[in-house]
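Observations on the three-dimensional arrangement
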Amino acid sequence: AQKVTQAQTEISVVEKEDVTLDCVYETRDTTYYLFWYKQPPSGELVFLIRRNSFDEQNEISGRYSWNFQKSTSSFNFTITASQVVDSAVYFCALRRGTYKYIFGTGTRLKVLA
Amino acid sequence: EAQVTQNPRYLITVTGKKLTVTCSQNMNHEYMSWYRQDPGLGLRQIYYSMNVEVTDKGDVPEGYKVSRKEKRNFPLILESPSPNQTSLYFCASSKTSGDYLQSSYNEQFFGPGTRLTVL
């Protein structure tokens, strides 16, 4: 089966706390891409990061960091020192070699002031 | 400005009345795709297109048609809409040619969404 699981439906944190959003994927493809997207309350979808299956380097971009581990089929997303503007729904997605995309069901993050 | 546009943004229609949602991109992207977003289900891919005249089914193609006659346009057609097609629809495009190591490769740009209600 090819799927993306975001087990955390909703997370609430207080501003300045760190928070990790989990993403577990399943695929039989040897080449694939993983993505994170943000959907703020305004509704648009914003690309955050892409990771290739052959590149397990972790990445940090400001307060955002991503931990890709093929051994556990996970691509987790951490926000350090969360802010109210981080409140959004976050989607993890898998692009298979066939160019089909599979999205997780999303994690709603609420950052409370 | 690089963008993906969708029209209409909001549509209320009745069962069985054919409709088309247009999608256009100005980035010369090869890849275009349609998704629907439903509460608790995330985004599900309806159809995608690798290039002009090349389309393929996503996970939920039933009840939808697409065509890709020009590179910039990828309309979504509902021949006979039903209430279970009430949803938020997103069109997206991405570059799939060139250097796959470039950060722009495979980055999907999404349109603003079309909220469709079928009564």
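Coordinates for the structure precede this section.
Here goes a summary of the coordinates provided. All values reported here derive from a predicted model rather than from experimental measurement. (Residues numbered from 1 in each chain as written. Chains lettered and ligands numbered in written order. Predicted model: local features only at pLDDT ≥ 70, side-chain atom pairs only at ≥ 80, totals over all residues. Heavy atoms only, no water.)

Some points on the overall build of chain B
If you tally the helices and strands in chain B, you get 0 helices and 11 strands. Along chain B, helices (α) and strands (β) appear in the sequence β-β-β-β-β-β-β-β-β-β-β when read from the amino end. A compact globule built from 119 residues would reach a C-alpha radius of gyration of about 14 Å, and chain B, at 14 Å, matches this within 12%. With respect to the principal axes defined by its C-alpha atoms, chain B has extents near 45 × 30 × 30 Å. (Helix = DSSP H or I, 4+ residues; strand = E, 2+ residues; numbered from the N terminus. Rg over C-alpha atoms; globule rule 2.2 N^0.38 Å.)

A closer look at the sheet that holds strand E8 (residues 76-78) of chain B
Residues and elements named next belong to chain B. Read across the sheet, 4 strands follow the order E1-E3-E8-E7 without closing on themselves; strand pairing throughout is antiparallel. Of all strands in the sheet, those bounded by a partner on one side alone are strand E1 (4-7) and strand E7 (65-66). In the sheet, strand E3 (residues 19-25) pairs with E8 via 3 bridges, with the strands oriented antiparallel. Residue Val21 lies in a different strand from E8, and its bridge partner there is Leu76. (Pairing = 2+ DSSP bridges.)

Remarks on the pattern of salt bridges
All names here are of chain A. In total, this model carries 10 salt bridges over all chains according to the counting rule given. Taking the shortest distance from any N to any O, the salt bridge between Asp29 and Arg96 comes out at 3.5 Å. One end of the pair, Asp29, is in the loop between strand E4 (24-26) and strand E5 (33-39); the other, Arg96, is in the loop between strand E10 (88-95) and strand E11 (101-103), and 67 residues separate them in sequence. Note on Asp29: relative accessible area 22%, which makes it partly exposed. (Salt bridge = Lys/Arg side-chain N within 4 Å of Asp/Glu carboxyl O. Buried < 20%, exposed > 50% of the residue type's maximum accessible area, 1.4 Å probe, protein only.)

Points about the pairing of E5 of chain A
All names here are of chain A. Of all the 7 residues making up E5, 7 are buried; the element is thus mostly covered by neighbouring parts of the structure. Residues Tyr33, Phe35, Tyr37 and Gln39 point to one face of E5 and Leu34, Trp36 and Lys38 to the other, with burial holding for every one of them. Across 6 bridges, E5 lies against strand E6 (residues 46-52) in antiparallel orientation. By the bridge assignment, Lys38 is partnered in E6 with Val46. One ladder, built from 7 bridges, connects E5 with E10; its direction is antiparallel. By the bridge assignment for E10, Tyr33 is matched with Arg95.

So, the interface of chain B and chain A
Counting residues at the interface gives 25 residues for chain B, matched by 20 residues for chain A. For the pair chain B and chain A, the two sides together bury roughly 1,900 Å², of which 54% comes from carbon and sulfur. Summed over the three residues of chain B that lose the most area to chain A, namely Leu43, Asn106 and Phe110 of chain B, the buried surface amounts to 26% of that side. Summed over the shared surface of chain B and chain A, the number is 1 salt bridge. Across the pair Asp59 of chain B and Lys100 of chain A runs a salt bridge whose closest N-O atoms are separated by 3.6 Å. At the junction of chain B and chain A, the tally comes to 3 residue pairs in polar contact (both at pLDDT 80 or more). Those elements giving two or more residues to the side of chain B that touches chain A turn out to be strand E4 (31-38), strand E5 (42-51) and strand E9 (87-94) of chain B. For the side of chain B that touches chain A, the element with the highest residue contribution is E5 of chain B, accounting for 5 residues. Considered class by class, the residues forming the side of chain B that touches chain A number 11 nonpolar, 11 polar and 3 charged. (Contact = heavy atoms within 4.5 Å. Buried area = accessible area lost by both parts, 1.4 Å probe. Polar contact = N/O pair within 3.5 Å; in protein donor to acceptor, adjacent residues only side chain to side chain. Nonpolar A, V, L, I, M, F, W, Y, C, P; charged D, E, K, R; others polar.)

Some words on the side chain of Arg96 of chain A
Its relative accessible area of 16% is what places Arg96 of chain A among the buried residues. Residues contacting Arg96 of chain A, with those up to four places away along its chain left out, are Gln2, Asp29, Thr31 and Ile102 of chain A.

Overview of the state of the cysteines
Taken as a whole and assessed by the stated rule, the structure comprises 2 disulfides over all chains. With a sulfur-sulfur separation of 1.9 Å, Cys23 of chain A is cross-linked through a disulfide to Cys92 of chain A. Handedness of the Cys23 of chain A-Cys92 of chain A disulfide follows from its S-S torsion of about -65 degrees: it is left-handed. Of this pair, Cys23 of chain A sits in the loop between strand E3 (19-21) and E4 while Cys92 of chain A is found in strand E10, placing the two residues 69 residues apart along the sequence. You'll find Cys23 of chain A and Cys92 of chain A in the same group, each marked buried. Here Cys23 of chain B connects covalently by a disulfide to Cys91 of chain B, the sulfurs 1.8 Å from one another. Around the S-S axis, the bridge from Cys23 of chain B to Cys91 of chain B shows a dihedral of about -70 degrees and counts as left-handed. With Cys23 of chain B in strand E3 and Cys91 of chain B in strand E9, this residue pair connects regions lying 68 residues apart in the sequence. (Disulfide = S-S within 2.5 Å.)

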